Amino acid sequence: MSVLASIRSQLVPIHREGLPFIGGFALASLILFWIWSPLGWIGTVFTVWCTLFFRDPERVTPVREGIVVAPADGRVSRIINAIPPPELNLGDRSMARVSIFMSVFDCHVNRSPMTGRIEKIVYKHGAFLNADLDKASENNERNSFVIATGTTRIAVVQIAGLIARRIVCFVREGATVGAGERIGMIRFGSRVDVYLPDSVRPLVAEGQTAVAGETVIADLRTGARELTFRVG
């Protein structure tokens, strides 16, 4: 392997959605250098941060039938039973909900939790509260998916946050997606909720760090048992 190929293999890909922002930060940094060099260095730090924010690394996704993987990088902030968004028409029964909070330092490319067909996509305008608050699930701007495989349906909800002002969707209704496939992005701090079917128990714990497309958060197979965790 050549030196150039070795260096290239260590670089994390950048999603195209971020290129205009990175270019804007870089241009601003050059102007700040011209005005006063310390300001230019501050601009450079923000340019590096913006580049890291829009990173889009490859992920190794488990492909066994029935596995549900994390749709986002971040911290599992809450696991509760909750009624899914009414616009998805999934009924008024509570479902197990796994919420993953993405800080401004996490990768913000979202991935499909399981293989299936995008049955429904609904965008709902709303507020921009702190995405880590529980009421953000009801009040904040969001983009919701229903993904179906056979008779099983799960809901995935991208929730805008205090800083986030843009939810980007990469797929359309009727499309078939694989587990771990990219389905969207939220810019600058946000949250993703996954609503699991009846009798399916989460296999993650609050406070755990999730990796989109890799961390197994549930198993749809009948008889799959909930895990016990320890901190240490």
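Conventions we followed
- Residues numbered from 1 in each chain as written.
- Predicted model: local features only at pLDDT ≥ 70, side-chain atom pairs only at ≥ 80, totals over all residues.
- Heavy atoms only, no water.
- Patch = residues over 30% accessible without salt bridge, like charges linked within 9 Å, V, L, I, M, F, W, Y side chains within 5 Å.
- Areas by Shrake-Rupley, 256 points an atom, 1.4 Å probe, with all protein chains shown as cover.
- Salt bridge = Lys/Arg side-chain N within 4 Å of Asp/Glu carboxyl O.
- Helix = DSSP H or I, 4+ residues; strand = E, 2+ residues; numbered from the N terminus.
- Buried < 20%, exposed > 50% of the residue type's maximum accessible area, 1.4 Å probe, protein only.
- Polar contact = N/O pair within 3.5 Å; in protein donor to acceptor, adjacent residues only side chain to side chain.
- Contact = heavy atoms within 4.5 Å.
- Axes fitted to C-alpha atoms, helices over the stretch in contact; angles between N-to-C directions.
- Parallel < 35°, antiparallel > 145°, perpendicular 65-115°, else oblique.
- Nonpolar A, V, L, I, M, F, W, Y, C, P; charged D, E, K, R; others polar.
- Pairing = 2+ DSSP bridges.

1. Some words on a nonpolar patch on the surface
A grouping of L27, L30, I31, W34, I35, W36, L39, I42 and F46 is seen on the molecular surface, where their side chains present a nonpolar patch of about 1000 Å² in accessible area. Going through the elements one at a time, α2 (19–35) and α3 (37–53) are the ones with two or more residues in the nonpolar patch. For the nonpolar patch, the element with the highest residue contribution is α2, accounting for 5 residues. With a relative accessible area of 45%, I31 lands in the partly exposed category.

2. Things to note about the side chain of E141
Structurally, E141 can be placed in the loop between α4 (136–139) and β6 (142–149). Within the structure, E141 has its side chain in polar contact with the side chain of Y123 (distance 2.5 Å). Those residues within four positions of E141 in sequence are excluded, and the remaining contacts are Y123, K124, H125, G126, A127, F128, Q158, I159, A160 and I167.

3. Some words on the environment of N140
Inspection of the secondary structure puts N140 in the loop between α4 and β6. At 2.7 Å, the side chain of N140 and the backbone oxygen of A160 are in polar contact.

4. Describing the packing of α2 against α3
Following both chains from N to C, one finds α2 and α3 inclined at 170°, their axes separated by 7 Å at the closest point. As the angle between them shows, α2 and α3 are arranged roughly antiparallel. Residues F21, I22, F25, A26, S29, L32 and F33 of α2 lie in contact with α3, whose contacting residues are S37, L39, G40, W41, G43, T44, F46, T47, W49, C50 and T51. Partitioned by chemical class, the residues of the contact of α2 with α3 number 11 nonpolar, 7 polar and no charged.

5. Brief notes about the sheet that holds strand β2 (residues 74–82)
Two pairing modes exist for strands in a sheet, parallel and antiparallel, and in both the strands are linked by backbone hydrogen bonds. The sheet built from 8 strands is open, its strands ordered β9-β5-β6-β7-β11-β3-β2-β12 with antiparallel pairing. Among the strands making up the open sheet, the edge pair consists of β9 (176–177) and β12 (209–210). In this structure, strand β5 (residues 116–124) lies alongside β9, joined through 2 bridges in antiparallel fashion. Along β9, the bridge assignment pairs R117 with T176.

6. Here we look at the side chain of T61
Along the polypeptide, T61 turns up in the loop between α3 and β1 (67–69). A polar contact of 2.7 Å, which involves the side chain of T61, links it to the backbone oxygen of G213. If we ignore the near neighbours within four places in the chain, the residues touching T61 are V69, A179, G180 and G213.

7. With respect to the pairing of β5
As defined by bridge partners, β5 adjoins β6 across 7 bridges and the pair is classed as antiparallel. Bridge assignment links I121 to a residue of β6, and that residue is F145.

8. Remarks on the sheet that holds strand β8 (residues 167–169)
The strand order across the open sheet formed by 3 strands is β4-β10-β8, and the pairing between neighbours is antiparallel. Two strands bound the open sheet, and with one partner strand each, they are β4 (109–111) and β8. Adjacent strand axes in the sheet meet at a mean angle of 25°, parallel and antiparallel pairs treated alike.

9. Points about the pairing of strand β3 (residues 95–102)
Most of β3 is tucked away: 8 of the 8 residues are buried. Strand direction decides the pairing type here: β2 and β3, joined by 7 bridges, are antiparallel. By the bridge assignment for β3, R75 is matched with F101. With 7 bridges joining them, β3 and strand β11 (residues 190–196) adopt antiparallel strand pairing. Note on β11: the bridge partner recorded for A96 is L196.

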